[in-house]
Amino acid sequence: MTQTTDATAAPEGRDREPRRPPRPRRRVHRAWWVAAVTFVTIIGAAAFRSLPGILIDPLHDEFGWSRGTIGAAVSVNLALYGLTAPFAAALMDRFGIRRVVAGALAVIALGSGLTVWMDSAWQLILCWGLLVGLGSGSMALAFAATVTNRWFTERRGLVTGILTAASASGQLIFLPLLSWIVQTHDWRPAAVTVALAALAVIPFVWLLLHDHPADVGQKPYGAQEFTPKPPPVPGAARRALGVLFSAVRTGPFWLLAGTFAICGASTNGLVQTHFVPAAHDHGMPITAAASLLAVIGVFDVVGTVASGWFTDRFEPRRLLAVYYALRGVSLLFLPMLLAPSVHPPMVFFIVFYGLDWVATVPPTLALCREQYGEDSAIVFGWVLASHQVGAALVAFLGGVARDRFGSYDVVWIASGALCAAAALMALVIRRRPAAAVASAGQA
């Protein structure tokens, strides 16, 4: 009698257990990779928006241009940043995200690079106002909205917060570097640094930024069904204007545009553009003031991501009201906090303002989706245009006020009052039933 030598034989008195099939490895959904590339792209774009605030004094000293003149160039930049956004969103539907964003980065590099040879104010307006404004506007928050709408069905609020925070992260990275370059060398190397940063981002966009989940055979994140890629939409300008003409006939559009205009006035137009020269007026070194703006960027990341998380769980109208009310109160205290050195109350303001800087974006975008369905990215582009028009007005008027009154105090107080008005406007936006949103998107 021979004994079995089968190594797989089960021990005596014990049943052989069936082998379990190996568990499939969970792969990260491609949507998160697209979001990551978008994040890096917006970080690069933030470098272009970080520079004007630290160039006001150097350009004034070298060329003798008034702060109002320099502010006019910044105003053109900020206005085009917003006005370009809805057309860029429509162009992305026509030509794809990758082509539009890569072209925009090339335009920014051209505009920033040409500034090193300028010797007249009109050249500043042309290069930094027109070219950089058009390029950065094509990568505005409407770009983030388009990516979020195409690639995500779930976690849209969180992703919106993360992508919005990318601009703050870029500010955190580039502001100290650019201010150090301006202080140590000159403003021209800083402009060249911005141009090189724009060029460096282009390969990442071209190689990794897919236009639609269907391009890689996947469903949007959280979707139950596969969504085929829609055909290119011709007539980008006609569609952008058509969506605008439809939206302006509704009350919520004007309330969203009005609140977001005040948001832009109190952030990009006021603090980002004029905080550094205002602090310098009180004896604070430019590098120290720029570092405080960078700290705003640190806490902006935290505040914006948290706002996206809140937007997925709480009523966005009430969130907006709270954000604007707190921002207005903080601005009223700022004139009393400016001093030659950094002290604890100023640090508290910087932290507080950073948490609230663009926390308004996720709830505003959520309200655009609620009201306008599939057209929400383009509508948000027009709402963003109002944001930048408000920023442009205050960037210009802030410089004029400084030339006229010798300080920025009146601008801080007026902006605080506007934020209080924005809080009230947010509360009166009416909710729209989900069925009405679906029918609007199909119309």
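Residues numbered from 1 in each chain as written. Predicted model: local features only at pLDDT ≥ 70, side-chain atom pairs only at ≥ 80, totals over all residues. Heavy atoms only, no water.

Visitor: Looking at this structure, how should I read the overall build of the chain?
Guide: Regarding its fold elements, the chain presents 17 helices and zero strands. Scored against the burial criterion, the 443 residues of the chain give a buried share of 54%. Long-range pairs, those at least 24 residues apart, make up 83% of the contacts in the chain with a sequence separation of at least 6. (Helix = DSSP H or I, 4+ residues; strand = E, 2+ residues; numbered from the N terminus. Buried < 20%, exposed > 50% of the residue type's maximum accessible area, 1.4 Å probe, protein only. Contact = heavy atoms within 4.5 Å.)

Visitor: Just to check I follow, could you spell out the packing of helix α12 (residues 316–333) against helix α13 (residues 344–356) for this structure?
Guide: Helix packing geometry: the angle between the two helix axes and the distance between the axes. One can describe the packing of α12 onto α13 by two numbers: an axis separation of 10 Å at closest approach and a directional angle of 155°. As far as their axial angle goes, α13 and α12 are roughly antiparallel. When you trace α12 past α13, the crossing you get is left-handed. Counting all contacts with α12, which are made through Y323, L326, R327, S330 and L331, the residues of α13 involved are F349, F352, Y353 and D356. Across the contact of α12 with α13, the residue classes tally to six nonpolar, one polar and two charged. (Axes fitted to C-alpha atoms, helices over the stretch in contact; angles between N-to-C directions. Parallel < 35°, antiparallel > 145°, perpendicular 65-115°, else oblique. Left-handed = near helix turned anticlockwise from the far one by under 90°. Nonpolar A, V, L, I, M, F, W, Y, C, P; charged D, E, K, R; others polar.)

Visitor: Just checking my understanding: could you explain the side chain of T364 for this structure?
Guide: As for its position among the elements, T364 is in helix α14 (residues 361–372). Relative accessible area serves as the criterion here: at 0%, T364 is assigned to the buried category. With near-sequence residues (within four places) excluded, T364 lies in contact with L256, F260, L320, F380 and V383.

Visitor: Quick question: what am I supposed to make of the side chain of T146 here?
Guide: Within the element layout of this structure, T146 appears in helix α6 (residues 141–151). Once residues within four sequence positions are removed from consideration, T146 is found in contact with A89, M92, I97 and A377.

Visitor: I would appreciate a short explanation of the packing of aromatic side chains in the present structure.
Guide: Each aromatic ring pair is summarised here by two numbers: the centre-to-centre distance and the angle between the ring planes. Taken as a whole and assessed by the stated rule, the structure comprises 10 aromatic pairs. Their ring planes at 70° and their centres at 5.6 Å tell us that W309 and F310 sit as a pair that is edge-to-face. Judged by relative accessible area, which is 40%, W309 ranks as partly exposed. Accessibility expressed as a relative area gives 32% for F310, which makes it partly exposed. Three or more aromatic residues joined by ring pairs make a cluster, and in this case those are F63, W65 and W187. Positioned above the aromatic ring of W206 is the side chain of R98, whose terminal nitrogen or guanidinium carbon lies 5.3 Å from the ring centre. (Phe/Tyr/Trp six-rings, centres within 6.5 Å; stacked < 30°, edge-to-face > 60°. Lys NZ or Arg CZ within 6 Å of the ring centre and 35° of its normal.)

Visitor: Whenever I open this one, the pattern of salt bridges confuses me. Can you help?
Guide: Pairing of side chains with opposite charge becomes possible as their charged atoms draw close. Summed over all chains, the structure comprises six salt bridges. Here R317 makes a salt bridge to E370, at a shortest N to O gap of 2.3 Å. Here E370 lies in helix α14 and R317 lies in helix α12, a separation of 53 residues in the sequence. In terms of burial, R317 and E370 fall into one category: buried. Between D356 and R327 there is a salt bridge, with the nearest N and O atoms lying 3.1 Å from each other. (Salt bridge = Lys/Arg side-chain N within 4 Å of Asp/Glu carboxyl O.)

Visitor: Can you walk me through the environment of D186 in this structure?
Guide: Mapped onto the elements, D186 comes out in the loop between α7 (156–184) and α8 (187–208). The exposure class assigned to D186 is partly exposed, which follows from its relative accessible area of 26%. Once the C-alpha coordinates of D186 and L55 are considered, the two residues, 131 residues apart in sequence, prove to be 9.8 Å apart. Once residues within four sequence positions are removed from consideration, D186 is found in contact with E62 and I181.

Visitor: Could you clarify how one ought to interpret the state of the cysteines in this entry?
Guide: Throughout this description, disulfide means a covalent bond between two cysteine sulfur atoms. This structure, assessed with the given rule, holds zero disulfides. Its sulfur unpaired, C419 is 8.1 Å from the next cysteine sulfur, which belongs to C263. (Disulfide = S-S within 2.5 Å.)

Visitor: What should I look at first to understand the nonpolar core in this one?
Guide: As a rule of thumb, nonpolar side chains are buried together in soluble globular proteins. Counting residues in hydrophobic clusters, the biggest one holds 117 residues, and the most contacted among them are L51, F143, F253, V271, F275, M346 and W412. When residues in this core are grouped by element, the largest group, 13 residues, is from helix α10 (residues 251–281). Not counting residues within four places of it along the chain, the set of residues in contact with F253 comprises L244, A247, V248, Y372, V379, W382 and V383. One finds V74, L78, A391 and A395 within the second-largest nonpolar core, a separate group that totals six residues. (Core = buried A, V, L, I, M, F, W, Y, C linked by side-chain atoms within 4.5 Å.)

Visitor: How should the confidence of the model for the chain be read in this particular structure?
Guide: Interpretation of this model should avoid reading the predicted coordinates in detail wherever pLDDT is low. Residues of the chain with pLDDT of at least 70 account for 87%, and the chain-wide mean is 80. Below a pLDDT of 50 lies the segment residues 4–11, which in the model reaches three contacts outside its immediate sequence neighbourhood of four places, other chains included. (pLDDT = per-residue confidence, 0-100.)

Visitor: Help me out: how do you make sense of a nonpolar patch on the surface in this one?
Guide: Nonpolar side chains collect at one region of the surface, where L83, V389, L393, F396, L397 and V400 lie side by side and expose about 470 Å² of accessible area between them. It is helix α15 (residues 376–405) that provides the largest number of residues to the nonpolar patch, a total of five residues. In this fold, V389 is placed in helix α15. For V389, a relative accessible area of 34% gives the class partly exposed. (Patch = residues over 30% accessible without salt bridge, like charges linked within 9 Å, V, L, I, M, F, W, Y side chains within 5 Å. Areas by Shrake-Rupley, 256 points an atom, 1.4 Å probe, with all protein chains shown as cover.)

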